[in-house]
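An overview of the molecular structure
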Amino acid sequence: MKWPLVAALWVAPAWAESPAPAPTTPSAASKEGDISNLAESASSRHQLDSSLDNDSEEAPPEFTIGPTEPVAPGERRWVRKFERADLTSYFAEGELAKAKAAYDRGRYRVARQLLETQEATPPVRYLRAMSALRMGQWLTGAEELAALAEAHPPLRDYCHFESARAYERMRKWTEAIQQYAAVSPGARRYEEARFGMAYILEKKKQDYAGAVAALTPIVQTESPKPNNPAQAEAWLTIARLARYQADYNGEHRAHLAVWALHPFSKEVSAAVKGLRDLPYVPKWKVARAETLLSLHHNREALDLLEKLLPKMELPDPLACRAQFAYGTAWRKERKHSLAIRALRPVIEQCQDAALRPRALYVLGYSESVVEPESSIGTYLKLAQEYPQHAYADDALFYAAHKALERGEKAAAMGYLDRLIAHYPTSNFASEALFQRFWVYRAEGQSDAALEALSRIEALQGMGSTHESVQRARYWRSRTLLTLGRAEEAHSLMERVAAEGAATWYGLLARSRLTHEAPERARAITTRLKTPTSPTEVWPLDAGNLAQDPHFLTGIELMRLEHREAPAELLAVDRRGRNEESIRLLFHILHTSGYERYARSIAWALRREGLAAPTEAETRLIYSAAYPHSFRDLVVRHSRAARVNPDLMQALIREESAFNPNARSPTGALGLAQLMPQTAFAVARQLNVPLDTSTALLQPHENIRLGSAYLGSLQRRFAGNPAYAVASYNAGPGAVDRWLSRFPDAELDEWVEQIPVEETRHYVKRVLGSAATYQLLYASGPFPTLAFGERGSNNAGSR
């Protein structure tokens, strides 16, 4: 038995080294429990998340994955080497296996007797204490768990929590409060522990101020959490506690917090009842509007703000917040002229250092759609006045992009140079270098173009991703072809086709090889269809995961055969991890049979970038990230619409992540994210009933209408999947304009020049995903794109 492994890996975080919080006292709680101030503090925080400042619906990066070169086994430097055996149950054999079997069958006395004959390791002590609890030996179990909590950090919070519940069963309120208070902030049981404390303080000790103090950490958060049911419940409980203390002002504001910050929670009806005949304060109305926008209920937010804004005046800080929310709502509705009209006064009159750069960014976006010349100045103002802001590099890039569209090449190159020089590790560094490449390529400056691509491959940090590197290599090969270096170009294209097999650029490379070097294309296809022989996944390096308390607790729970192990591992903070650490999480969950949890890790891995599924191990991850959800419906309706089922499967994956209840910021609904007006039009064409837009949340209806719509777009564009997918996202009128704007572009050039960033990325993702489905499931011949002659714009798919 190797129980000391996790304990040896444990690196105590700051909160683990701190003494446990003292139990709440009425005098301390009174200071913390000023409910009016607590609620006012919540209403003063901006509820509009910065992720809504642009139209991108992609989740922000969780971790950085860049291309890595293989390392020979003898050269490997391990940080925390993790073997398959490190997941072995503590109770896998011998008397321990008998004890665990008895415990699982409910024979707790037998289990405890068997465990008492074994060495008192932490796993033995834990199961022994839990056996005592199950037998109703509350005091024995509580004391043993409390002692184990101090001796074995990975189980600390679980032990404190179970000990608290046992003391509660014995009506030992003070001891229960102490154990609940010892559960660490950030632990999965933390909120439940705070509710446990509050219940005892309210019901058993009538310490209402202390109960408020116990709940305060739940509602005091830096970022808005409108979908957090614990917060809504905590605010409603705080309202009740305020009433018990005759703090009617506090009760009023706590009810307003539920109404404004959690408008769709089950607690809101009780809050509204408590607000009867009481005023709805303007600050809380603004907070509610912001929350509604965060939840994509744009029209409700607009209605609320339009009644409120005439009574407010800039530059009052609350008016600035409301006006910014109003402009953001119109931007989300794609009413850009109205957004501009709302946002310009914010820029001119408001000085909030947190709000103003965001307003400049949103304003620049809307101007870029309807007033491109104005957007350049707005973006440059943002970069100049707020050079340290997270949007500064974005602003320089978009200013350069609009300048190029206007033919202001010298100015644009200057903006790109500033971005590359000042933000070399930002996520826009590779985009700036690629934009420089595109300019040099158009000018025929091949050496400068190739040098820009080389710099992309050399980037570090967020600027380096698998996609950015595959893009650079693909276009390097295209440039080499124009220089007559066909052998070098095809070798590089072959590498892209293999390493980026599940990406847009892998599909492009394979398609070009099919046309230009068919023998190489056949070799790549054979290699992709038959992955290399399975290799042993283990060992893997945990890296800095070994310092994450959720990881260490999750591994310990896994070895204890505890049902909460996968949820604990999923709570790991994945930011700042490398690819191997995240792959380790996937393999732990997959190996242990927790497929649903493993799938979410696989999805994140694929989103951030992952090596192609040419190895058995990566193919396993890809299969989890690309499931055949709703496959029967997809096949039936896509074939009826004469659409490739894998293309429709890929579109649904990218649109909604297979969530039938998905709702976009612009109002698109369901699996295929159909706009209601589009869906009604398609339904009329098919002569099928569609009573209300909520019917689009039914998978059958949504897939049928989505497939029919995609099929009509494919027919309109002569079977070209790229044009059809672009139309699905931006509308056929936009695609017609872009085809007219770039009449001489080949397909790969045309996609790179799609003016709308969202649509450009969307086309690449959907077609790359379609290729991935066909690669993984061998559902037909490998697809390739048929490049037409330059200027024909009729490239379809084969």
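Residues numbered from 1 in each chain as written. Predicted model: local features only at pLDDT ≥ 70, side-chain atom pairs only at ≥ 80, totals over all residues. Heavy atoms only, no water.

1. So, the overall build of the protein
Helix and strand content of the protein: 42 helices and two strands. Taking all 798 residues of the protein together, the buried fraction comes to 57%. Of the contacts made within the protein by residues no fewer than 6 positions apart, 63% connect residues no fewer than 24 positions apart. Element-wise, carbon and sulfur atoms account for 49% of the exposed surface of the protein, whose accessible area totals about 33600 Å². (Helix = DSSP H or I, 4+ residues; strand = E, 2+ residues; numbered from the N terminus. Buried < 20%, exposed > 50% of the residue type's maximum accessible area, 1.4 Å probe, protein only. Contact = heavy atoms within 4.5 Å. Areas by Shrake-Rupley, 256 points an atom, 1.4 Å probe, with all protein chains shown as cover.)

2. Overview of the state of the cysteines
Inspection of the entire model under this criterion finds one disulfide. Covalent S-S linkage joins Cys 320 and Cys 350, the inter-sulfur distance amounting to 1.9 Å. Taking the torsion about the sulfur-sulfur bond, which here is approximately -95°, the covalent link between Cys 320 and Cys 350 counts as left-handed. Of this pair, Cys 320 sits in helix α18 (residues 317–332) while Cys 350 sits in the loop between α19 (336–349) and α20 (355–370), and the two are 30 residues apart along the sequence. (Disulfide = S-S within 2.5 Å.)

3. Describing the pattern of salt bridges
Pairing between side chains becomes possible if they bear opposite charge and their charged atoms approach one another. Applying the stated rule across the entire model yields 54 salt bridges. With a shortest N-O distance of 2.9 Å, Glu 202 and Arg 240 are connected by a salt bridge. A residue pair is termed long-range when its members are at least 10 positions apart, and Glu 202 in helix α11 (residues 190–204) and Arg 240 in helix α13 (residues 229–244) qualify at 38 residues. When its relative accessible area of 5% is taken as the criterion, Glu 202 is described as buried. Owing to a relative accessible area of 26%, Arg 240 belongs among the partly exposed residues under this scheme. Between Glu 579 and Arg 583 there is a salt bridge; the shortest N-O distance is 4.0 Å. (Salt bridge = Lys/Arg side-chain N within 4 Å of Asp/Glu carboxyl O.)

4. A closer look at the packing of α13 against helix α14 (residues 248–261)
In the contact formed by α13 and α14, the axes pass within 7 Å of each other and the chain directions differ by 165°. Relative to α14, the element α13 lies roughly antiparallel. Once α13 is placed against α14, the crossing between them reads as left-handed. Residues Ala 232, Trp 235, Leu 236, Ile 238, Ala 239, Ala 242 and Arg 243 of α13 pack against Tyr 248, Gly 250, Glu 251, Ala 254, His 255, Ala 257, Val 258 and Leu 261 of α14. Grouping the amino acids of the contact of α13 with α14 by side-chain chemistry returns eleven nonpolar, two polar and two charged. (Axes fitted to C-alpha atoms, helices over the stretch in contact; angles between N-to-C directions. Parallel < 35°, antiparallel > 145°, perpendicular 65-115°, else oblique. Left-handed = near helix turned anticlockwise from the far one by under 90°. Nonpolar A, V, L, I, M, F, W, Y, C, P; charged D, E, K, R; others polar.)

5. Notes on the side chain of His 252
Secondary-structure assignment places His 252 in helix α14. Among the polar contacts listed, one links the side chain of His 252 to the backbone oxygen of Pro 279, at a separation of 2.8 Å. (Polar contact = N/O pair within 3.5 Å; in protein donor to acceptor, adjacent residues only side chain to side chain.)

6. Some remarks on the packing of helix α22 (residues 392–405) against helix α24 (residues 429–443)
One way to put it is that α22 packs onto α24 with a least axis distance of 10 Å and a crossing angle of 15°. By the angle between their axes, α22 is roughly parallel relative to α24. The way α22 lies across α24 gives a crossing that is left-handed. Residues Phe 397, His 401 and Leu 404 of α22 form the contact with α24, whose participating residues are Glu 431, Ala 432, Gln 435 and Val 439. Looking at the contact of α22 with α24, its residues break down into four nonpolar, two polar and one charged.

7. A word on the environment of Val 346
Tracing the backbone shows Val 346 in helix α19. You can call Val 346 buried: its relative accessible area is 0%. Sequence separation between Val 346 and Leu 360 is 14 residues; the distance between their C-alpha atoms is 8.8 Å. Dropping the residues within four chain positions of it, Val 346 is found in contact with Leu 314, Cys 320, Gln 323, Phe 324, Leu 355 and Ala 359.

8. Details of the confidence of the model for the protein
For the protein, per-residue confidence averages 89 on the pLDDT scale, and 89% of positions sit at 70 or higher. Ignoring residues within four places in sequence, the model shows residues 1–33, a span with pLDDT below 50, making 63 contacts including any to other chains. (pLDDT = per-residue confidence, 0-100.)

9. Quick notes on the packing of aromatic side chains
Scanning the entire structure with this criterion turns up 28 aromatic pairs. When the centroid spacing of 6.4 Å and the interplanar angle of 50° are considered together, the rings of Phe 437 and Trp 475 count as tilted. Of this pair, Phe 437 sits in helix α24 while Trp 475 sits in helix α26 (residues 466–482), placing them 38 residues apart in sequence. For Phe 437, a relative accessible area of 0% corresponds to the buried category. (Phe/Tyr/Trp six-rings, centres within 6.5 Å; stacked < 30°, edge-to-face > 60°.)

10. Some remarks on unusual backbone geometry
Cis geometry marks the peptide bond from Leu 314 to Pro 315; its omega dihedral reads 5°. Residue placement: Pro 315 occurs in the loop between α17 (298–308) and α18. In this chain, Trp 538 is followed by Pro 539 through a cis amide linkage whose omega measures 0°. With respect to the helices and strands, the residue Pro 539 is situated in the loop between α29 (518–529) and β2 (540–541). The phi dihedral of Arg 171 is positive, around 65°, even though this residue is not glycine. Note that Arg 171 resides in the loop between α9 (156–169) and α10 (173–181). Even without a glycine there, the phi angle at Arg 642 is positive, about 60°. With respect to the helices and strands, Arg 642 occurs in the loop between α35 (631–640) and α36 (645–656).

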